[in-house]
Amino acid sequence: METGLISNAFVIGAVSAAVYQTEEGLRALRLGKEGGYVDCSRQAGLLLDCPAEKRLVVGASLQEI
């Protein structure tokens with residue numbers, strides 16, 4: 001999992017997820033039930049299309065998101 005700075009990420013609070021761009025393409029993570037992160041990159045497009053409110057975060061680390 002990347003630990004560097006993420007230039008832009010969409011945080012979707014209703015589902016505790018974030019979608020961001022990497023060199024490999026879109027990535028999506030959500031908070032796991034027992035802490036930590038769950039990779040849900042296969043659903044990145046669905047998360048961006050969902051009607052839930054999204055907040056753009058600029059220049060944050062993965063821990064800050």
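Cut-offs applied
- Residues numbered from 1 in each chain as written.
- Predicted model: local features only at pLDDT ≥ 70, side-chain atom pairs only at ≥ 80, totals over all residues.
- Heavy atoms only, no water.
- Helix = DSSP H or I, 4+ residues; strand = E, 2+ residues; numbered from the N terminus.
- Rg over C-alpha atoms; globule rule 2.2 N^0.38 Å.
- Buried < 20%, exposed > 50% of the residue type's maximum accessible area, 1.4 Å probe, protein only.
- Contact = heavy atoms within 4.5 Å.
- Areas by Shrake-Rupley, 256 points an atom, 1.4 Å probe, with all protein chains shown as cover.
- Lys, Arg positive; Asp, Glu negative; His and termini not counted.
- Charge placed at Lys NZ, Arg CZ, Asp CG, Glu CD.
- Pairing = 2+ DSSP bridges.
- Patch = residues over 30% accessible without salt bridge, like charges linked within 9 Å, V, L, I, M, F, W, Y side chains within 5 Å.
- Salt bridge = Lys/Arg side-chain N within 4 Å of Asp/Glu carboxyl O.
- Disulfide = S-S within 2.5 Å.
- Core = buried A, V, L, I, M, F, W, Y, C linked by side-chain atoms within 4.5 Å.

Draft legend 1. Representation of the overall build of the protein chain in the model. Looking only at helices and strands, the protein chain features one helix and five strands. Over its C-alpha trace the protein chain gives a radius of gyration of 11 Å, about what one expects of a compact globule, namely 11 Å for 65 residues. Out of the 65 residues belonging to the protein chain, those deemed buried represent 35%. Sequence-distant contacts in the protein chain: of pairs separated by 6 or more residues, those separated by 24 or more amount to 49%. For the protein chain, the accessible area works out to roughly 4,600 Å², and carbon and sulfur atoms hold 52% of it. Averaging the locations of the 6 positively and 8 negatively charged side chains of the protein chain gives two centres separated by 8 Å.

Draft legend 2. Inspection of the pairing of strand β3 (residues 25-31) at higher detail. Here six bridges tie strand β2 (residues 17-22) to β3, and the two strands are oriented antiparallel to one another. Within β3, the residue paired with Gln21 across the bridge is Leu26.

Draft legend 3. Up close: a nonpolar patch on the surface. Residues Phe10, Leu56 and Val58 make up a contiguous nonpolar surface patch of roughly 280 Å² in combined accessible area. Relative to the assigned elements, Leu56 resides in strand β5 (residues 55-61). Judged by its relative accessible area of 47%, Leu56 is partly exposed.

Draft legend 4. Representation of the state of the cysteines within the structure. Under the criterion given, the structure shown has zero disulfides. Left without a disulfide partner, Cys40 is nearest to the cysteine sulfur of Cys50, which lies 11 Å away.

Draft legend 5. Here's a closer look at the pairing of β2. In terms of burial, β2 is largely enclosed, as five of its six residues are buried. What sits between the antiparallel neighbours β2 and β3 is a turn of two residues.

Draft legend 6. Seen up close, the nonpolar core. Counting nine residues, the largest nonpolar core consists of Ile12, Ala17, Val19, Ala28, Cys40, Ala44, Leu47, Cys50 and Ala52. At the level of secondary structure, the elements contributing two or more residues to this core comprise β2 and α1 (44-49). Grouped together as the second largest cluster of nonpolar side chains are five residues, Ile6, Ala9, Tyr20 and Leu62 included.

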